[in-house]
Amino acid sequence: MTETTHLIHSYLRSSKRFPHVWCPGCGIGILMGALIRAIDHNRYSKDEIVLISGIGCSGRLPTYLDFNTLHTTHGRALTFATGIKLAKPSLKVIVVMGDGDAAAIGGNHLIHAARRNVDITAIIVNNQIYGMTGGQSSPTTPLGMTTSSSRYGNLEPAFDISRVVEAAGAAFVARSTVYHTRLLEQLIGKALHKRGFSVVEVICHCVTHVGKATHMNSAVEMMNWQRDNAVSVRKAGTLSAKQLEGKIVTGVLVDREAPTFHEEYEKLVARVGVDDSAV
Amino acid sequence: MKGRVEIYEGWCKKCGICTAFCPQDVLDTTGDGYPFVRAPEKCTGCGWCEIRCPDFAIVVSPYEEEQEK
């Protein structure tokens, strides 16, 4: 067994049934590998990592991994994560959410976690659809795409999750596709190191539903599409808005310093003191 | 030959990613959809099949002459 696979297996829960639950060729499996390698490469111990998810295909990810894990309610993963970070700031809190989880039902939590600059890392798996429930359109479904809840084409323009969290105040925002696996691994590593709210938007394929809607019949075709449409941040700077239409800009989009929520909270406690009589 | 590829069919879901993205065309697909090592001598040990496999069903290890003896 090689080093890489030995490494992956040392983070999988042996009590779980493999192969995992995701469809053949699903990008979430590729993301899971990249996440494990990023955590291991940066030498975080299993005990200092807390991995939290909401509901959906990506919600199954923490159940396979041997960290402190929490599988929470739909859209609320960030609220549980905020609580854990405030209760024990020494923990490294990572949230894995899908686009439905993060941008639809949990959209409010997303923008406010970014605004507060809570020191957690959010990995948002954007596969442009609600996969687990049968392929309904989500806030990131492209305009005009046929889904099971928009039989004559989606009427709503898509959210750009990265730009939303950037505007809301996130300290670090990056984007990669699952095709660019090494880049994804590096960006997750950078996000883990970042002090403040760090977001990695992962452009992921859903072969079962988006593949059907876009007439791409395999994971390979969809990953070729990711390869052909991805543009690095550096190259994007030289292109016009029209040339960038429909492209996926990958790399570090935002990296800035700002006071984090728990640091401000600790300063407040130091300033006003703790009232023990109420305990 | 710099790498040795092993495939665990028990975890493989026959998605074809490893075969399609091998830069050296080392892998091919059998009639029932599983990947197999068609040209082991071409493997450079780059590991792209392994890191892109969504199911952790493929492994590339450095090739060592002793293994063959």
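Residues numbered from 1 in each chain as written. Chains lettered and ligands numbered in written order. Predicted model: local features only at pLDDT ≥ 70, side-chain atom pairs only at ≥ 80, totals over all residues.

## Some remarks on the overall build of chain B
Point 1. When its secondary structure is counted, chain B shows two helices and four strands.
Point 2. The secondary structure elements of chain B, listed N-terminal to C-terminal, are β-α-β-β-α-β.
Point 3. The globule rule puts the C-alpha radius of gyration for 69 residues at 11 Å, and the 11 Å found for chain B is close to it.
Point 4. Residues classed as buried in chain B amount to 33% of the 69 residues present.
Point 5. A fraction of 55% describes how many contacts in chain B between residues 6 or more apart in sequence connect residues 24 or more apart. (Helix = DSSP H or I, 4+ residues; strand = E, 2+ residues; numbered from the N terminus. Rg over C-alpha atoms; globule rule 2.2 N^0.38 Å. Buried ≥ 20, exposed ≤ 12 C-beta atoms within 10 Å, placed from the backbone. Contact = placed C-beta atoms within 7 Å.)

## Points about the overall build of chain A
Point 1. Within chain A, the regular secondary structure consists of 11 helices and 10 strands.
Point 2. A compact globule built from 279 residues would reach a C-alpha radius of gyration of about 19 Å, and chain A, at 19 Å, matches this within 12%.
Point 3. Restricting to contacts in chain A with at least 6 residues of sequence separation, those with at least 24 account for 65%.

## Describing the confidence of the model for chain B
Point 1. In this model, chain B carries an average pLDDT of 91, and 93% of its residues clear a pLDDT of 70 or more.
Point 2. Interface confidence for the predicted complex, expressed as ipTM, amounts to 0.92; the pTM equals 0.94. (pLDDT = per-residue confidence, 0-100.)

## Details of the interface of chain B and chain A
Point 1. Taken together, the 17 residues of chain B in the interface contact 21 residues of chain A.
Point 2. Put simply, the parts of the chain that give the side of chain B that touches chain A at least two residues each are helix H1 (17–21), helix H2 (48–52) and strand S4 (58–62) of chain B.
Point 3. Grouping the constituent residues of the side of chain B that touches chain A by class yields nine nonpolar, three polar and five charged. (Nonpolar A, V, L, I, M, F, W, Y, C, P; charged D, E, K, R; others polar.)

## Concerning the nonpolar core
All names here are of chain A.
Point 1. Leu31, Val95, Ile123, Ile188 and Val202 are the most contacted members of the largest nonpolar core, which has 90 residues in total.
Point 2. With nine residues, the top contributor of residues to this core is helix H2 (residues 27–41).
Point 3. Those residues in contact with Ile123 that lie beyond four places of it in its chain are Ile94, Val95, Val96, Ile188, Val200 and Val202. (Core = buried A, V, L, I, M, F, W, Y, C linked by C-beta atoms within 7 Å.)

## Brief notes about the sheet that holds strand S10 (residues 248–255) of chain A
Residue and element names in this part refer to chain A.
Point 1. With mixed pairing, eight strands are arranged side by side in an open sheet as S2-S1-S3-S4-S8-S7-S10-S9. Lying at the two open borders of the sheet, with one neighbouring strand each, are strand S2 (68–71) and strand S9 (230–232). This sheet shows a mean twist of 20° between the axes of neighbouring strands, independent of strand direction.
Point 2. Pairing analysis gives five bridges linking strand S1 (residues 49–53) to strand S3 (residues 92–98), with the strands arranged parallel. The residue bridging Ile49 from the neighbouring strand is Lys92, located in S3. (Pairing = 2+ DSSP bridges. Axes fitted to C-alpha atoms, helices over the stretch in contact; angles between N-to-C directions.)

## Some remarks on unusual backbone geometry
Point 1. For the bond from A:Phe18 to A:Pro19, the omega torsion is 0°, close enough to zero to count as cis.
Point 2. Among the secondary structure elements, A:Pro19 is positioned in the loop between helix H1 (3–11) and H2.
Point 3. The phi torsion at B:Lys14 lies on the positive side, around 60°, for a residue other than glycine.
Point 4. Assignment of secondary structure puts B:Lys14 in the loop between strand S1 (3–7) and H1.
Point 5. In this structure, B:Phe56 takes a positive phi of about 55° despite not being glycine.
Point 6. Take B:Phe56: there are 22 C-beta atoms within 10 Å of it, and that puts it in the buried class.

## Quick look at the packing of helix H5 (residues 107–116) of chain A against helix H6 (residues 161–168) of chain A
All names here are of chain A.
Point 1. Relative to each other, H5 and H6 sit at 45°, their axes nearing to 8 Å. Here H5 lies oblique to H6, going by the angle between them. Between H5 and H6 lies a crossing of right-handed hand. Residues Leu110, Ile111, Ala114 and Arg115 of H5 lie in contact with H6, whose contacting residues are Val164, Val165 and Ala168.
Point 2. Of the residues in the contact of H5 with H6, the class split is six nonpolar, no polar and one charged. (Parallel < 35°, antiparallel > 145°, perpendicular 65-115°, else oblique. Left-handed = near helix turned anticlockwise from the far one by under 90°.)

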